[in-house]
Amino acid sequence: MPQQSSPPSPGDAPAQIESVCCNPQAQVRLKDRATWKIHGKLEYSTSDILSPSVTKLLQKPGLSVEEKKLLRLTNPDNIQVESNYRGPHIKSPITRSTFVDLIEAFQQGHVLHEKYVYVILHQARAILKTLPNVNHIDLSNLHYIFIVGDLHGQLADLLHIFNANGLPATDNPFIFNGDFVDRGPNSVEVILLLLVALILYPSSVFLNRGNHEDHMVTFRYGFENEVNRKYTKCKTSLIDLFKDLFSWLPIYSSVDTGISKLMIVHGGISDRINLSQINSLTRNRLDSSLSIPPISKNIGQRLTKDEEDEYLQMADLLWCDPDPEDRPGCRNNDNRSMACYFGPDVTEKFLSKNHFSMLIRSHEVKEKGYEFEHNNKVLTVFSASNYNGESNWGAIARWDYKTEEPWVMSYTSQDIAPVEELSFNKQVTLFEDPVYQSLMETIVAKQSLLRKEFERSDRNQTNHISLTNWADIMKNVLQIDLPWFNLRSKFVKEDTQGILYNSMLEEYASDDAKFQKSHAGIMEDLYMSKDVLMTLFNLIDSDHSGFISRDRFSDFIKLLLDRENGTGDVNQGYIDEVMSAMDLDKNGKIDVNEFLESFRIVNMKKPQSLYDKPKTTHTII
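Residues numbered from 1 in each chain as written. Predicted model: local features only at pLDDT ≥ 70, side-chain atom pairs only at ≥ 80, totals over all residues. Heavy atoms only, no water.

Trainee: Sorry, what's going on with the overall build of the protein here?
Mentor: Helix and strand counts for the protein come out as 27 helices and 21 strands. In the protein, the proportion of contacts linking residues at least 24 apart, taken out of those at least 6 apart, comes to 69%. Per element, the accessible surface of the protein, about 28,000 Å² overall, is 47% carbon and sulfur. (Helix = DSSP H or I, 4+ residues; strand = E, 2+ residues; numbered from the N terminus. Contact = heavy atoms within 4.5 Å. Areas by Shrake-Rupley, 256 points an atom, 1.4 Å probe, with all protein chains shown as cover.)

Trainee: Just to check I follow, could you spell out the sheet that holds strand β9 (residues 340–342) for this structure?
Mentor: Strand pairing in a sheet relies on backbone hydrogen bonds, with the paired strands running either antiparallel or parallel. Ordered by their spatial adjacency, three strands build an open sheet running β7-β9-β8, and the pairing between neighbours is mixed. Since the sheet does not close on itself, it has two edges, and those belong to β7 (321–322) and β8 (330–332), each with one partner. The pairing of β7 with β9 spans two bridges and is parallel. For Asp321, the partnering residue across the bridge sits in β9 and is Tyr341. (Pairing = 2+ DSSP bridges.)

Trainee: Just to check I follow, could you spell out the packing of helix α10 (residues 187–200) against helix α12 (residues 223–230) for this structure?
Mentor: Any two packed helices are characterised by the angle at which their axes cross and by the distance between the axes. It is the contact of α10 with α12, at a shortest axis distance of 9 Å, that shows an interaxial angle of 95°. It follows from the interaxial angle that α10 and α12 lie roughly perpendicular. Here Ser187, Val188 and Glu189 of α10 lie close against α12, whose contacting residues are Phe223, Glu226, Val227 and Lys230. Here the residues of the contact of α10 with α12 sort into three nonpolar, one polar and three charged. (Axes fitted to C-alpha atoms, helices over the stretch in contact; angles between N-to-C directions. Parallel < 35°, antiparallel > 145°, perpendicular 65-115°, else oblique. Nonpolar A, V, L, I, M, F, W, Y, C, P; charged D, E, K, R; others polar.)

Trainee: When you look at helix α6 (residues 96–107) in this model, what are you seeing that I'm missing?
Mentor: For an α-helix the count is 3.6 residues per turn, leaving residues at separations of three or four pointing the same way. The end-to-end C-alpha distance of α6 is 17 Å, a good match for the 16 Å that twelve residues give at a rise of 1.5 Å each. Of all twelve residues making up α6, nine are buried, and the element is well covered by its neighbours. Among the residues of α6, Arg96, Thr98, Phe99, Val100, Leu102, Ile103, Ala105, Phe106 and Gln107 are the ones counted as buried. Contacts made by the buried residues of α6 are with α7 (114–128), α9 (155–165) and α10. Phi turns positive one or two residues past the end of α6, at Gly109, with a value near 85°. (Expected span 1.5 Å × (residues − 1). Buried < 20%, exposed > 50% of the residue type's maximum accessible area, 1.4 Å probe, protein only.)

Trainee: Quick question: what am I supposed to make of helix α13 (residues 235–247) here?
Mentor: Taking 1.5 Å per residue as the helical rise, α13 with its 13 residues ought to reach 18 Å, and the 18 Å between its terminal C-alpha atoms agrees with that figure. Those residues of α13 that sit buried are Ser237, Leu238, Ile239, Leu241, Phe242, Asp244, Leu245, Phe246 and Ser247. In the core, the buried residues of α13 are packed alongside α5 (65–73), α7, α10, α11 (215–221) and α12.

Trainee: Would you mind going over the side chain of Ser270 with me for this structure?
Mentor: Take Ser270: it is sitting in the loop between β6 (261–265) and α14 (275–280). One polar contact links Ser270 to Asp316, side chain to side chain, over a distance of 2.7 Å. Aside from chain neighbours lying at most four places away, what touches Ser270 is Asp316, Cys320, Cys330, Cys340 and Val346. (Polar contact = N/O pair within 3.5 Å; in protein donor to acceptor, adjacent residues only side chain to side chain.)

Trainee: So what exactly am I meant to see when it comes to the sheet that holds β6 here?
Mentor: Strand order in the open sheet made by the six strands is β1-β5-β6-β10-β12-β11, with mixed pairing throughout. The sheet is open, and its two edges are formed by β1 (134–138) and β11 (370–373), each paired on a single side. In this sheet, neighbouring strand axes are inclined to one another by 20° on average, regardless of whether the strands run parallel or antiparallel. One ladder, built from three bridges, connects strand β10 (residues 358–361) with strand β12 (residues 378–381); its direction is parallel. Residue pairing across strands places Ile360 opposite Leu379, the latter belonging to β12.

Trainee: Where do I start with the pattern of salt bridges in this structure?
Mentor: Side-chain pairing between opposite charges can occur once the charged atoms of the two side chains come close. The full count for this structure, using the stated rule, is 21 salt bridges. Note that Glu364 is salt-bridged to Arg361, the shortest N-O span being 2.6 Å. Residue classification places Glu364 among the buried positions, given a relative accessible area of 18%. Judged by relative accessible area, which is 0%, Arg361 ranks as buried. (Salt bridge = Lys/Arg side-chain N within 4 Å of Asp/Glu carboxyl O.)

Trainee: I'm lost on unusual backbone geometry in this one. Help?
Mentor: With the exception of glycine, most residues fall at negative phi, and the peptide bonds are largely trans. Ser92 connects to Pro93 through a cis peptide bond whose omega is -5°. With respect to the element layout, Pro93 can be found in the loop between α5 and α6. Even without glycine at this site, Asp179 takes up a positive phi of about 55°. Looking at the secondary structure, you find Asp179 in the loop between β3 (174–176) and α10. Relative accessible area serves as the criterion here: at 1%, Asp179 is assigned to the buried category.

Listed below in structure tokens is the structure:
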């Protein structure tokens, strides 16, 4: 019997994704039909995705000489852990338990083995390389976010922040606004913890680059000396890997609060900042913002005007300060001999032009840990208390969804408990529990099939089925043998007539109500690929621009959906609807944060009847 030309069953999504990503024939088809160059075999394995093998990366064709050298010299696969090593061991994949183990080891003064440092750096680097120059953050998804300023290797301040506000998590998001290293005694430990947080929660942990994430600065102010002291055997290669990783850090963050937008950047702004140019520059070329400009793309020639503009703007974003005398315009920053002071008029014009309501920055020590300037349009947040022998407080900020101003929290060194006395919970919250997440993902992915089986069992169309039938359907469709009789109250409503099966299906829906109503099946198809999202993003974003264009996304979805019927008859409007739903900032392309956000489970409050629209939504994260 010939196949019908219809979208594939959502239950087949894992096999489709695996086939596209793993099957060599599928790779050839992908290359021929979509003109993508896919080299090697991508294995459908969570551990491989979360722990990219440097040995395998070295086999990838087309690597530059510099990249090959860096990978070869920093390959953790070639390093043995000595039998007398007493520090923590890291197994793949990295988990929340790994995170807490590292914190506890650092509390006790342990130095992490270089093998595991390389593991963390390579995993974080793989994520950072996929990110655009700007972190796009939407508080309608995250609900709130903590903003942390300079830490400068002060582990006690970082752990105090975690102890007071909770560890980073899917439902506890953070922006760390640069200057993680230098001057403090534990720069290595601080940056490693932040990178592990990024690896664990790439859609709710955001790292901005600071002026100290710069190899010329770290050479002068202590980080390189710390690496040399703690890792004598591999200091040169480790410093080179840190240098490269720093160059991939995003430049700034744009936060949509629901009623306004914030720009969060380490240093400041100037009258020459052009965000369109900043958003499109090749940031890893600008590995230092000091007085040594980068090499021109045209090797051997002077910088072009555009290249010089990019370099100067990057220096301004990382080094500028608000004018302490509130003078108009920009003038030389004599205090730093770099960049400039910018006046209130520059702030007002910049915010208005770029549709921001406030600039949040760090970079400067403040007596109370924070300071509002320029008519409360600029907020400085500095998180390292008693910095460099001073007596300043530390501070962080929190911004909640649809609020007009931040909540700033200050602390003194007296507020900070001794590092060794703090305790952190290894247990994940319910929404972080991988078992719970896996179950919810399976229900979402198979909800169309569940509905079909429920309705088939409901022969009289009463919206009720028996408890026995409901439990059997759950077991058979989900292929998960759980005590469904006992769990029914967690998933579904019931009354004297039996199980109200629609009450469960209404609970889980796409965030975009219009899209969910019209095209429920496709999001279910795609949702089952959540465990390979990062690999899929890199696969589609073949030029590593940090974005997926409409054309590339369309080609990939056509290939994915066409595998079932082989007719090539995939409705473009169907694909455009998906693209629109995933393109959260509506700029015509999808960055990695939007890609990840699009696969969150959204728990919608039940309407009073099937004809009522949902009144409010909140994301289960």
